[in-house]
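A closer look at the structure
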Amino acid sequence: MTAVLGETCTVYNKYTAADEERWERTVVEGVFWDGTRGAVMRRTGVAGGDSAMLLIPNHARTGGKEYLPPKVWEKAADKSKCWTVQPGDRIVRGECPAELEGSSRILEEWDDVMTVTAVAMRRFGGGMAHLEVRGKEYLWSLL
């Protein structure tokens, strides 16, 4: 298990425009990434058991982009000025320079790639408010 404070991640928000799958990229600094490598043993064979949890504090740095709830973000006219996190999005540990067009398969070049499965807003006081993001971590080389 790995856990480091003050990490960087790259969020890829998935959306559809002109009947095409598109991705908006946002680099987020000051996050906490906790990844677990594992395997699930079944009678039919071994299945992947990797998972990840990401904590994104409200004070995380996003290059001036504003966080919006998913439904509000979906309606935003200029998605380059805002970001969100919702199931189906991809998040890469570290700063990933790739710009996605259509498929997210280009992310095969990176090791720690999470597909978001759940997001919870943790509205704690005293500067502790954050997003808790959980997902399936994919090691593309094992697929």
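Small disclaimer: the values here were computed from a predicted structure and weren't measured.

So, about the environment of V116. Of note, V116 is situated in strand β9 (residues 113–122). V116 sits 20 residues away from K136 along the chain, and the two C-alpha atoms are 6.7 Å apart.

Its place among the elements puts D89 in the loop between β7 (82–83) and β8 (90–93). Of the buried charged residues, D89 lacks a salt bridge, with K14 as the closest side chain of opposite charge at 7.2 Å.

By the element assignment, C82 lies in strand β7. Between the C-alpha atom of C82 and that of R25, which follows or precedes it by 57 residues, the distance is 9.8 Å.

Tallied over the entire structure, the rule returns two aromatic pairs. Between the aromatic rings of Y15 and W73, the centroid separation amounts to 5.6 Å while the plane-to-plane angle is 80°, which identifies the pairing as edge-to-face. With Y15 in strand β1 (residues 2–17) and W73 in helix α1 (residues 70–75), the pair connects residues that are 58 residues apart, well separated along the chain. When sorted by exposure, Y15 lands in the same class as W73, which is buried. Ring plane angle 75° and centroid distance 5.1 Å describe the contact between Y67 and W83, whose orientation is recorded as edge-to-face. Taken together, the residues Y67 in strand β6 (residues 66–67) and W83 in strand β7 connect sequence positions 16 residues apart. Judged by its relative accessible area of 25%, Y67 falls in the partly exposed class. The ring of Y15 carries K79 above its face, with NZ or CZ at 5.2 Å from the centroid. Here the guanidinium or amino end of K79 rests over the ring plane of W73, the centre of that ring lying 4.8 Å away.

Each value, and the rule that gives it
Residues numbered from 1 in each chain as written. Predicted model: local features only at pLDDT ≥ 70, side-chain atom pairs only at ≥ 80, totals over all residues. Heavy atoms only, no water. Helix = DSSP H or I, 4+ residues; strand = E, 2+ residues; numbered from the N terminus. Buried < 20%, exposed > 50% of the residue type's maximum accessible area, 1.4 Å probe, protein only. Lys, Arg positive; Asp, Glu negative; His and termini not counted. Salt bridge = Lys/Arg side-chain N within 4 Å of Asp/Glu carboxyl O. Phe/Tyr/Trp six-rings, centres within 6.5 Å; stacked < 30°, edge-to-face > 60°. Lys NZ or Arg CZ within 6 Å of the ring centre and 35° of its normal.

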